[in-house]
Amino acid sequence: MANIKLGFAPTRRSIFSAPDAIKYRNLTAARLRELGIGFVDITDINGEGLLYDDEDMHKIAEKFKREKIDGLFLPHCNFGTEYECARLAKELGVPVLLWGPLDERPEPDGNRLRDSQCGLFATGKVLRRFCVPFTYLTNCRLEDPVFERGVRDFLAVCNVVKAFRNIRILQISTRPFDFWSTMCNEGELLEKFNIQLSPVPMPELTDEMKLAEEEGDEVAEVVRYCREKMDILIREEELVKVAALKVAMGRLVKKYGCHAVAIQCWNQLQCEIGIMPCAANSLLNEEGIPVVCETDIHGAITALLVEAAGMGEARSFFADWTIRHPDVADGELLQHCGPWPISVAQEKPKLTYPLAFDHPGSITAEAKHGGVTLARFDGDNGAYSMLLGNAKGVAGPKCMGTYLWVEVENIKRLEAKIVEGPYIHHCVGIHKDVVPVLYEACKYMGIEPDLYDPIEEKVKAYLRGE
């Protein structure tokens, strides 16, 4: 589970009740603690623990920067000081959650202690003037289920944005010649998004493999794990190669400070080491280090974002869109040679040979059925977007490799989206509905969400708390 740190900056305005604002400040803090959500408080900045003037705003900004917060939470505890909220948010540059407690019935004499909803209207406008994107959690009570859901979804959004702003990908060799579809603009990714690549040549990988085999201990542990978790249908020396490749890639990830891997995977690699890399990819994927095929840099980015949206509760899998389902009108086969993490499988995986190659070292297993999110970050000609949507796993013919037959709402519409681009035949799936989180995160990442089904109003309604 990701450790996301919120900056907690509740706010008030002087014309409404300061004691009532302090009361709701404390109630909100208590509710966050009750939910197990970590936050950085500002009670050391002033006695009220509230944001309402410039002097304190600068102190709060300094503290939050020092604490390296991942998101800013602005509860409006009576009305709120909208320009201080906007100044603070602009200074910090992190995702912003805007919320206020539901206002009570006016007093018998007509007085009101708070005007939280009105304050939210004002702050939303001023944040727009400051060009600060923000997430709105509907005006509700602290005990309402939508409050907990909204805060937890915001934590996941923060996790996606945090991952996106710190991406470094280990690129093992060049893309295969035939895969023009996986080319990327390395300079543009760095300039636009600070996405960094760490390219290494094939011999650096093979040298690391030889060293791992000579040392032996880590390789032996991976072999033991494979024998426990898989049915082994390859020779012992080939299994050792699989384990050595997994260890070698893990070491290079650590050496270059990377978060994911994009590997050439065919054909030169098989000539060098005599195995497919799929099973080794699967082992790293299971540890939360996405490894994608055919040097698909955009695919690796997608995998990191999907993993972050899932908050560590499920592993993602990297797949090809391949063929239509022979029996289900809106069905499609998601498949790859065998790199999916074994926790995705609904059966004990086989470590064996792939569909289209003669070398050993791939996984064969059908993935679990049920609801999945499918996503693809991609771009060309200077514009980037994220294809997003839902599907459900269904029964279908037996296949080789790692695979899942899925059913979507309209396969023709989806097919056209992929062909017309900027997408390709690769996507990332996860057994969790993270579409709203990824949709919301796009506003902070500067990319366009692209829903392949007409569900945008449904997603917005969910995010509004409906």
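So, a few notes on the structure that sits alongside this text. Bear in mind the structure is a predicted one, so any value in this text is a computation, not a measurement. (Residues numbered from 1 in each chain as written. Predicted model: local features only at pLDDT ≥ 70, side-chain atom pairs only at ≥ 80, totals over all residues. Heavy atoms only, no water.)

## Considerations on the overall build of the protein
- Each helix and strand in the protein was counted, giving 15 helices and 19 strands.
- Rg of the C-alpha trace for the protein: 25 Å, near the compact-globule value of 23 Å for 466 residues, within the 12% margin.
- For the protein, the spread of C-alpha atoms along the three principal axes comes to 85 × 50 × 45 Å.
- Looking at the protein as a whole, 58% of its 466 residues are labelled buried.
- Nonlocal contacts in the protein, meaning residues at least 24 apart in sequence, comprise 76% of its contacts between residues at least 6 apart.
- Surface summary for the protein: the accessible area is close to 19500 Å², and the carbon and sulfur share equals 50%. (Helix = DSSP H or I, 4+ residues; strand = E, 2+ residues; numbered from the N terminus. Rg over C-alpha atoms; globule rule 2.2 N^0.38 Å. Buried < 20%, exposed > 50% of the residue type's maximum accessible area, 1.4 Å probe, protein only. Contact = heavy atoms within 4.5 Å. Areas by Shrake-Rupley, 256 points an atom, 1.4 Å probe, with all protein chains shown as cover.)

## Quick look at unusual backbone geometry
- Here the bond from Trp266 into Asn267 is cis, since omega is 5°, no more than 30 degrees from zero.
- Along the chain, Asn267 falls in the loop between strand 9 (260-263) and helix 10 (268-273).
- Here the residue pair Gly421 and Pro422 is connected by a cis peptide bond, since its omega of 20° sits within 30 degrees of zero.
- On the secondary structure map, Pro422 appears in the loop between helix 13 (411-420) and strand 18 (426-430).
- Within the chain, Lys68 stands out as a residue other than glycine whose phi angle is a positive 55°.
- Counting through the fold element by element, Lys68 comes out in the loop between helix 2 (54-67) and strand 3 (71-75).
- Backbone geometry places Met311, a non-glycine residue, at a positive phi of 55°.
- You can see Met311 is positioned in the loop between helix 12 (297-309) and strand 11 (316-324).

## Thoughts on the nonpolar core
- Ranked by internal contacts, the top residues of the largest apolar core, which has 135 residues, are Phe64, Leu72, Leu88, Phe147, Leu205, Ile301 and Leu438.
- Take this core: its biggest share by element is 11 residues, from helix 5 (residues 145-164).
- Core analysis: the second largest hydrophobic core is formed by 20 residues, Phe317, Trp340, Val372 and Val408 among them. (Core = buried A, V, L, I, M, F, W, Y, C linked by side-chain atoms within 4.5 Å.)

## A word on the environment of Thr81
- On the secondary structure map, Thr81 appears in the loop between strand 3 and helix 3 (82-92).
- Along the chain, Thr81 and Val151 lie 70 residues apart, while their C-alpha atoms are 22 Å from each other.
- In this structure Thr81 touches Thr11, Arg12, Arg13, Leu51 and Tyr52, once residues within four positions along its chain are discounted.

## Focus: the packing of aromatic side chains
- On inspection of all chains with the given rule, the structure shows 13 aromatic pairs.
- Between Phe193 and Phe377, the aromatic rings sit 6.1 Å apart at their centres with planes inclined by 75°, giving edge-to-face as the arrangement. Here the residue Phe193 occupies a position in helix 6 (residues 186-193), and Phe377 occupies one in strand 15 (residues 370-380), the gap between them amounting to 184 residues.
- Under the relative-accessibility criterion, Phe377 is labelled buried at 0%.
- Ring centres of Phe317 and Trp340 lie 4.5 Å apart, and the angle between their planes is 40°; this geometry places the pair in the tilted category. (Phe/Tyr/Trp six-rings, centres within 6.5 Å; stacked < 30°, edge-to-face > 60°.)

## With respect to the pattern of salt bridges
- Tallied over the full model, the rule gives 37 salt bridges.
- When the shortest N-O distance is used, the salt bridge between Glu82 and Arg13 registers 2.3 Å. Linking Glu82 in helix 3 with Arg13 in the loop between strand 1 (6-8) and helix 1 (18-34), this pair joins segments that are 69 residues apart in sequence.
- Of the residues examined, Arg13 reaches a relative accessible area of 22% and is grouped as partly exposed.
- Ionic pairing is found between Arg87 and Glu84, a salt bridge with its closest N-O pair at 3.6 Å. (Salt bridge = Lys/Arg side-chain N within 4 Å of Asp/Glu carboxyl O.)

## Description of the sheet that holds strand 3
- Strand order in the open sheet formed by 5 strands is 2-1-3-4-5, and the pairing between neighbours is parallel. Of all strands in the sheet, those bounded by a partner on one side alone are strand 2 (39-40) and strand 5 (135-136).
- For strand 4 (residues 96-99) and strand 5, the ladder comprises 2 bridges, and the chain directions are parallel. Across the sheet, Leu97 pairs through a bridge with Thr135, a residue of strand 5. (Pairing = 2+ DSSP bridges.)

## Quick word on helix 2
- The first and last C-alpha atoms of helix 2 sit 20 Å apart over 14 residues, in line with the 20 Å expected at 1.5 Å per residue.
- Within the span of helix 2, buried status applies to Asp56, Met57, Ile60, Ala61, Lys63 and Phe64. Projection of helix 2 onto a plane perpendicular to its axis shows the buried side chains occupying an angular sector of 170°, all on one side. Across from the buried face of helix 2, at angles greater than 90 degrees, the exposed residues are Glu55, Glu62 and Arg66.
- On its buried face, helix 2 sits against strand 1, strand 2, strand 3 and helix 3.
- Positive backbone phi, approximately 55°, marks Lys68, located one or two places after helix 2. (Expected span 1.5 Å × (residues − 1). Arc of directions from axis to C-beta.)

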